Amino acid sequence: MKGTPTPVPEIKFVKPKKKLTPKAIALKVLVYTFLITNTIFILFPILWIIGSSLNPGDSLYSSSMIPKNPTFIHYKELFTKTDYPIWYKNTLKVAFLNMIFSTILTTFNAYVFSRFRFKGRKAGLVTILVLQVFPSFLTLTAIYTLLMQLNLLNTHIGLVLFYSGAQIPANTWLIKGYFDQIPKSLDEAARVDGATNFTTFTKIIMPLAVPIIVFLALTSFIGPWMDFIFQSLVLRTADKKTLAMGLMEMVTGQTNTKFTLFAAGAILVAVPITILYAFLQKYIVEGLSSGAVKS
Amino acid sequence: MEDKKKYAWLSYIIMGSAQIMKGEYIKGIFLLLVEVLTIIFGIPYFAHGLWGIVTLGETKFHYNEKGIAVFDHSIFLMLQGIISILLILIIIGIYIYNVKDAYKAKEEKKITLRDKIDRNFHYIFMTPGILALLFFILLPIIFTVLIAFTDYSSPYHLPPRNLVNWVGFRNFKELFGLKIWNETLSGVFVWTVTWAILATVTSFFVGLMWALIVNSAGVKIKKLWRTIFIIPYAVPGLISMLIMRLLFSGPGPINDFLEHLGLQRIGWLTDPHIAKITLVLINMWLGAPYFMALMTSILTNIPRDLYESSDIDGATAFQKLRHITLPMVLYSTMPLLISSFAYNFNNFMLIYAVTDGGPVNPNYRYAGHTDILISWIYKMTLNQQQYHMASVVTILIFLMIAPIVAYTFTRSKSFREEDLI
């Protein structure tokens, strides 16, 4: 036995041709039925709202998914009869400012925590961790009182300050984790060449962290489009209103006759955001999965 | 050298003086400025703030002889008190630095301003973030916790008309002791936990199923299916929720369709039990795409040879799913599953936008059948102005969620590379 090598069994690389047995056909039918029924469930609400926005009239009761005489009148009405353009402008403003503030605050903090060793660093990290657990949503009353004292009620900047402050704990950890993966030898090389910490940050770290920064910027841009609570708490007058507030009112208001108008308004919000997501899909998946355990 | 150090003691009284003596003018003037500002503006403000947080005001609302309203606003005083304490702590920190720095010898080499900034770069860079954190997170949290120990509530303790008082643990005792509070708390709590588990598990498994089927060998044009299945994730959440609210409403299209088929209309959002199921279904629509997107990348990372060797052993497709795919997927997504649980536990928007906690439950105080803890807090705060009880429940949520989030975090990658514990 000792000297003779055991013969290696030959591996066949050629796949045996699959025959379409009745079982395989049944499986195929089953899989495609599943896919198609699920597609219907997924697309139905979306198609319904698109159809509704094209319906003449304004009630939920009479609208049908495939309107008999489609019309764009509601889209026109949004701009002529409601404050929709103002809401849109306000939301864009808040979203854009929040994106800038949040990205700057969080990347700065994450960079320091990732690259510097200083007194109080660990305490700082743990504090941020604990603060992150407390849902900032629950401090409504406090935020309201604080903004009132700072004379920032009914201003967009008050809202932005709060948003960008509230996202720091969770995102600092996320971004720091990403920065940690960028080799430190790159920084050191830059330092040897005489770069300051700031240039190292802007020229070395930022370009390499583009995916996670895009994710952060995108989520802080989208956030204000969805939040209704703080906006209705902080913003008071009609000229400061945002899309979330306006659309919510159209649906939940006592005189609920603006249904088709809501549909049109919702679509004008959903389309650009959906396109944004589609383009930045790669970054989103990366950002989302960075919380998963990597094997 | 020694000669210069003898001025160091001066720094105990006049901040920055030793630094100026040493020739470090910028630092010295900054420190001096801190002291001057503290004395002129700080001390009166702090004194009033500290008095305020201890007493919560003493002057009850009344009109003085000139007919002007005179009052102490307890809540503003409390806020001022907290701000004072935070600022005092910061100033003490600067003071300690000032004294320590005074005893240090002057930097030997002349260094440029650029180098100086670069050396203290991390402190400068973090300041805006830390300030935002202090004032928009820490301060509100301290405030909320403190409110739980006061009687700040409608109708008898609302400033400016009335004063607010410290009451110790009375609110906690009432919440657990009084039947109506107690019943609401336990009912809402049980539904919150059930909801968080159901919502997470259903969207997890539907997402997994989609990912498995779309990625299975027989399926053509995978990209098309994947794109379709991801669509709900891309539609802004609030909008989808409002659409769902209309879809499932009494006169909505789903009921129309049922009637068309000759069936009865269903109270999707008005029947206590059905409304809960509807919420879970809607959440599935909203949440499954997220899990599918995750699973797709995780599934492709499972080593092929595991499947190949199980093929050789003659495993069935189901066995492979049960013993390879599921454990691998669960292992990778566990932290996300837990944070998704925590997210759903506090998923206020969905409840608020779809049912607003309804239908009404007469046995509950200020809560409906589908209210979860956080939406109950919202109602107590904004509709009923029961700030004190809202704060107590907030603290309870914190105590429940904190261990969960802490656990998830200690397992995440960026945490493990730090040896914090």
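Residues numbered from 1 in each chain as written. Chains lettered and ligands numbered in written order. Predicted model: local features only at pLDDT ≥ 70, side-chain atom pairs only at ≥ 80, totals over all residues. Heavy atoms only, no water.

## Considerations on the overall build of chain B
For step 1, the next point in the chain: The helix and strand tally for chain B stands at 19 helices and two strands.
For step 2, the next point in the chain: Dimensions of chain B, computed from C-alpha atoms along their principal axes, come out at roughly 90 × 70 × 35 Å.
For step 3, the next point in the chain: The buried share among the 421 residues of chain B stands at 50%.
For step 4, the next point in the chain: At a minimum sequence separation of 6, the contacts of chain B that also span at least 24 residues come to 65%.
For step 5, the next point in the chain: Within the structure as shown, chain B displays about 20,900 Å² of accessible surface, and the carbon and sulfur contribution to it stands at 68%.
For step 6, the next point in the chain: Here chain B contributes 34 positively and 27 negatively charged side chains, and the mean placements of these two sets differ by 3 Å. (Helix = DSSP H or I, 4+ residues; strand = E, 2+ residues; numbered from the N terminus. Buried < 20%, exposed > 50% of the residue type's maximum accessible area, 1.4 Å probe, protein only. Contact = heavy atoms within 4.5 Å. Areas by Shrake-Rupley, 256 points an atom, 1.4 Å probe, with all protein chains shown as cover. Lys, Arg positive; Asp, Glu negative; His and termini not counted. Charge placed at Lys NZ, Arg CZ, Asp CG, Glu CD.)

## A look at the overall build of chain A
For step 1, the next point in the chain: Helix and strand counts for chain A come out as 14 helices and zero strands.
For step 2, the next point in the chain: Sequence-ordered secondary structure for chain A, helices as α and strands as β, is α-α-α-α-α-α-α-α-α-α-α-α-α-α.
For step 3, the next point in the chain: Burial analysis of chain A (295 residues in total) assigns 50% to the buried set.
For step 4, the next point in the chain: Residue pairs in contact within chain A that sit at least 24 positions apart in sequence constitute 74% of those at least 6 positions apart.

## As for the UniProt feature "transmembrane region" (unreviewed entry) in chain B
All names here are of chain B.
For step 1, the next point in the chain: The feature "transmembrane region" (unreviewed entry), as given by UniProt, occupies residues 29-54, 74-99, 120-149, 188-212, 224-248, 277-302, 323-343 and 387-409 in the numbering adopted here.
For step 2, the next point in the chain: Split by type, residues 74-99 is 100% helix and 0% strand. Its first and last C-alpha atoms lie 37 Å apart.
For step 3, the next point in the chain: Within residues 323-343, the helical portion is 100% and the strand portion 0%, while the C-alpha atoms at the span's ends are 29 Å from each other. (UniProt positions renumbered as here; feature names shortened; annotations may be inferred.)

## Concerning the packing of aromatic side chains
The geometry of an aromatic ring pair comes down to the distance between the two centres and the angle between the two planes.
For step 1, the next point in the chain: Going through the model one piece at a time under the given rule, you end up with 44 aromatic pairs over all chains.
For step 2, the next point in the chain: Relative to A:W225, the ring of A:Y88 lies with its centre 5.6 Å away and its plane at 80 degrees, an arrangement referred to as edge-to-face. Of the two residues, A:Y88 is situated in helix α3 (residues 84-115) and A:W225 in helix α10 (residues 210-226); the sequence distance between them amounts to 137 residues. The two residues A:Y88 and A:W225 agree in class, both being buried.
For step 3, the next point in the chain: Here A:Y277 and B:Y233 contribute two aromatic rings whose centre-to-centre distance is 5.7 Å and whose plane-to-plane angle is 85 degrees, an arrangement assigned as edge-to-face. You can see A:Y277 sitting in helix α13 (residues 259-279) and its partner B:Y233 sitting in helix α10 (residues 222-234), one on each of two chains.
For step 4, the next point in the chain: The rings of A:F108, A:Y111, A:F116, A:F198, A:F201, B:F121 and B:F125 are connected pair by pair, giving a single aromatic cluster.
For step 5, the next point in the chain: Directly above the ring of B:W191 sits B:K276, whose terminal nitrogen or CZ lies 4.9 Å from the centroid. (Phe/Tyr/Trp six-rings, centres within 6.5 Å; stacked < 30°, edge-to-face > 60°. Lys NZ or Arg CZ within 6 Å of the ring centre and 35° of its normal.)

## A closer look at the interface of chain A and chain B
For step 1, the next point in the chain: If you look at the interface, chain A gives 95 residues, while chain B gives 89 residues.
For step 2, the next point in the chain: Here chain A meets chain B over a buried area of about 8,600 Å², counting both sides, of which 80% is carbon and sulfur.
For step 3, the next point in the chain: At the junction of chain A with chain B, the criterion picks out one salt bridge.
For step 4, the next point in the chain: In this structure, the salt-bridge partner of B:D118 is A:R191, at a minimum N-O distance of 3.1 Å.
For step 5, the next point in the chain: On inspection of chain A and its partner chain B, the count reaches six residue pairs in polar contact (both at pLDDT 80 or more).
For step 6, the next point in the chain: Per-element tally for the side of chain A that touches chain B: the top contributor is helix α1 (residues 22-53) of chain A, with 16 residues.
For step 7, the next point in the chain: Class assignment for the residues of the side of chain A that touches chain B results in 68 nonpolar, 19 polar and eight charged. (Buried area = accessible area lost by both parts, 1.4 Å probe. Salt bridge = Lys/Arg side-chain N within 4 Å of Asp/Glu carboxyl O. Polar contact = N/O pair within 3.5 Å; in protein donor to acceptor, adjacent residues only side chain to side chain. Nonpolar A, V, L, I, M, F, W, Y, C, P; charged D, E, K, R; others polar.)

## Here we look at helix α5 (residues 140-149) of chain A
Residues and elements named next belong to chain A.
For step 1, the next point in the chain: Counted residue by residue, α5 has seven buried out of 10 residues, so it is predominantly covered.
For step 2, the next point in the chain: When α5 is considered as a whole, its buried residues turn out to be L140, T141, A142, I143, T145, L146 and L147.
For step 3, the next point in the chain: One or two residues past the end of α5 sits N151, with phi positive at roughly 60 degrees.

## Description of the packing of α1(A) against α10(B)
For step 1, the next point in the chain: Direction vectors running N to C along α1(A) and α10(B) enclose 35 degrees, while the axes themselves pass 9 Å from each other. Between α1(A) and α10(B) lies a crossing of left-handed hand. Residues A:Y32, A:L35, A:I36, A:N38, A:T39, A:I42, A:L43 and A:I46 of α1(A) pack against B:W225, B:I228, B:F229, B:I231 and B:P232 of α10(B).
For step 2, the next point in the chain: Taken together, the residues of the contact of α1(A) with α10(B) sort by class into 11 nonpolar, two polar and no charged. (Axes fitted to C-alpha atoms, helices over the stretch in contact; angles between N-to-C directions. Left-handed = near helix turned anticlockwise from the far one by under 90°.)

## Brief notes about the UniProt feature "transmembrane region" (unreviewed entry) in chain A
All names here are of chain A.
For step 1, the next point in the chain: Cross-referencing UniProt, the feature "transmembrane region" (unreviewed entry) maps to residues 25-50, 94-113, 125-147, 204-226 and 259-280 in the present numbering.
For step 2, the next point in the chain: From the first C-alpha to the last, residues 25-50 spans 36 Å; its make-up is 100% helix and 0% strand.
For step 3, the next point in the chain: Between the C-alpha atoms that bound residues 259-280 the distance is 31 Å, and the span itself is 95% helix and 0% strand.

## With respect to the confidence of the model for chain B
For step 1, the next point in the chain: The pLDDT averaged across chain B works out to 86; a share of 94% of its residues lies at or above 70.
For step 2, the next point in the chain: The lowest-confidence element of chain B is helix α1 (residues 2-5) of chain B, averaging 56 in pLDDT; the highest-confidence one is helix α9 (residues 179-215) of chain B, averaging 92. (pLDDT = per-residue confidence, 0-100.)

## Comments concerning the side chain of A:T145
For step 1, the next point in the chain: Examined against the element boundaries, A:T145 turns out to sit in helix α5.
For step 2, the next point in the chain: The class of A:T145 is buried, set by a relative accessible area of 3%.

## Points about the pattern of salt bridges
For step 1, the next point in the chain: For the coordinates displayed, the defined rule picks out 12 salt bridges over all chains.
For step 2, the next point in the chain: Note that A:D180 and A:K176 form a salt bridge whose closest N and O atoms lie 2.8 Å from each other. Of this pair, A:D180 and A:K176 both sit in helix α7 (residues 168-180), four residues apart, which is roughly one turn of the helix. Comparing A:D180 with A:K176, the two get one shared label, buried.
For step 3, the next point in the chain: By sharing partners, the salt bridges in this structure join B:D256, B:E259 and B:R265 into a single network.

## Examining the domain arrangement of chain B
Residue and element names in this part refer to chain B.
For step 1, the next point in the chain: Here the domain parsing of chain B yields domain 1 (2-168) and domain 2 (173-416).
For step 2, the next point in the chain: Distance from the C-alpha centre of domain 1 to the C-alpha centre of domain 2: 43 Å.
For step 3, the next point in the chain: Carbon and sulfur atoms supply 68% of the area buried between domain 1 and domain 2, which totals about 750 Å² over both sides.
For step 4, the next point in the chain: Of all residues in domain 1, A148, Y152 and S154 bury the most surface against domain 2, accounting for 45% of the area lost on that side.
For step 5, the next point in the chain: Taken together, the links from domain 1 to domain 2 amount to zero salt bridges.
For step 6, the next point in the chain: Counting across the domain 1 and domain 2 interface gives five residue pairs in polar contact (both at pLDDT 80 or more).
For step 7, the next point in the chain: Here the side of domain 1 that touches domain 2 is built from residues that sort into five nonpolar, four polar and one charged. (Domains from an automatic or database assignment.)

## Some points on the domain arrangement of chain A
For step 1, the next point in the chain: For chain A, the domain assignment lists domain 1 (22-76) and domain 2 (82-289).
For step 2, the next point in the chain: Computed from C-alpha coordinates alone, the two centres of domain 1 of chain A and domain 2 of chain A are separated by 33 Å.

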